[in-house]
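# Topology and contacts: notes
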Amino acid sequence: MLIFSKKADLKAHLQHHIQAGTTIGFVPTMGALHSGHLSLMQQSVAQNGITVVSIFVNPTQFNNPEDLEKYPRTLEADAEKIQGLNRDIIIFAPTVDDMYEGHTISQHYNFDGLENQMEGAHRPGHFDGVGTVVKKLFEIVQPTRAYFGEKDFQQLQIVKKLVEKENMPIQIIGCPISREESGLAMSSRNERLSAEERHGAAFIYQVLQEARTRFAQESIDSVKSYVAQEFKAHPEFVPEYFEIADEDTLIPATLKENRKYRAFIAVFLGNVRLIDNISLN
Ligand code: PAF
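Residues numbered from 1 in each chain as written. Predicted model: local features only at pLDDT ≥ 70, side-chain atom pairs only at ≥ 80, totals over all residues. Heavy atoms only, no water.

## A short note on the sheet that holds strand 7 (residues 237-246)
What links the strands of a sheet is backbone hydrogen bonding, and the strands pair in either a parallel or an antiparallel sense. Strand order in the open sheet formed by three strands is 7-8-9, with antiparallel pairing between adjacent strands. Both outer strands of the open sheet, strand 7 and strand 9 (272-279), are each paired with one neighbouring strand and no more. Geometrically, the sheet is characterised by an average inter-axis angle of 15° between neighbouring strands, direction not taken into account. Judged from the nine bridges that link them, strand 7 and strand 8 (residues 261-269) form a sheet pairing that is antiparallel. The residue of strand 8 that forms the bridge with Glu243 is Phe264. (Pairing = 2+ DSSP bridges. Helix = DSSP H or I, 4+ residues; strand = E, 2+ residues; numbered from the N terminus. Axes fitted to C-alpha atoms, helices over the stretch in contact; angles between N-to-C directions.)

Structure follows, in structure tokens:
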């Protein structure tokens, strides 16, 4: 199995594939891989001549230094999981210096307002960091298709906007959220929950499912007050936001129109911040 830690080496290796017209599937990750990541890789392997997976904890997208410091880094175990899935997958695990060449700063992006809602509003600079690193990675890997999980639905929409604005000929493929048996959305951050917290965190998805049921009959305000009450009754969870937003523009909705809506939530359990979302119609 090939693991590259330098972008120049990966680029040199990919060059003959690109010249031969081989399709390249790309799965960008920050490591601490779970079966959600592996399902993205499986889809990429099925649809492309070769697959590249990047493992890079990107410092510019963390607005909270403690979150960056505590983010799990498990390269060896990650490589084993990838190898178990498919030995031909190419891993790119660069250092911060190799990626940023001493300038660990973000470019500033205008994503037509997608960046101002929810995660963007609560994590200043987050999407500038995501845009910066994803653009760098796309330039290095030059993928035909790139795969992103819908758990980070806002990120998925922003990456689609990035390739549109930068005129990058890359197909962005969104993949459904993988969930633990309890319903908790799979996330590398789940590793930081105690066993009891992890079990209890299934509550978040239960609330989202009930919100979807209520959305069919009730007003947006009424669904929002239901969710607020549920979390008040479970003070171990501290919600940061709950929004019902237009799926395309991500603008929070107040009245239902003939559009696609999604509910989005960010909630703290202890000091771990969890996000999830659900399609409402
Ligand atoms: O979703 C992630 O893991 C990260 O935001 C990404 C896309 C790998 C960029 O660092």
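Back to the write-up after that little detour.
## Some words on the packing of helix 10 (residues 202-215) against helix 11 (residues 220-232)
Running from N to C, helix 10 and helix 11 point in directions that differ by 155°, and their axes come no closer than 10 Å. Here helix 10 is positioned roughly antiparallel relative to helix 11, judged by the angle of their axes. Considering the relative orientation of helix 10 and helix 11, their crossing is right-handed. Counting all contacts with helix 10, which are made through Phe203, Val207, Glu210, Ala211, Arg214 and Phe215, the residues of helix 11 involved are Ile220, Val223, Tyr226, Val227, Glu230 and Phe231. Of the residues that constitute the contact of helix 10 with helix 11, the class distribution is nine nonpolar, no polar and three charged. (Parallel < 35°, antiparallel > 145°, perpendicular 65-115°, else oblique. Left-handed = near helix turned anticlockwise from the far one by under 90°. Contact = heavy atoms within 4.5 Å. Nonpolar A, V, L, I, M, F, W, Y, C, P; charged D, E, K, R; others polar.)

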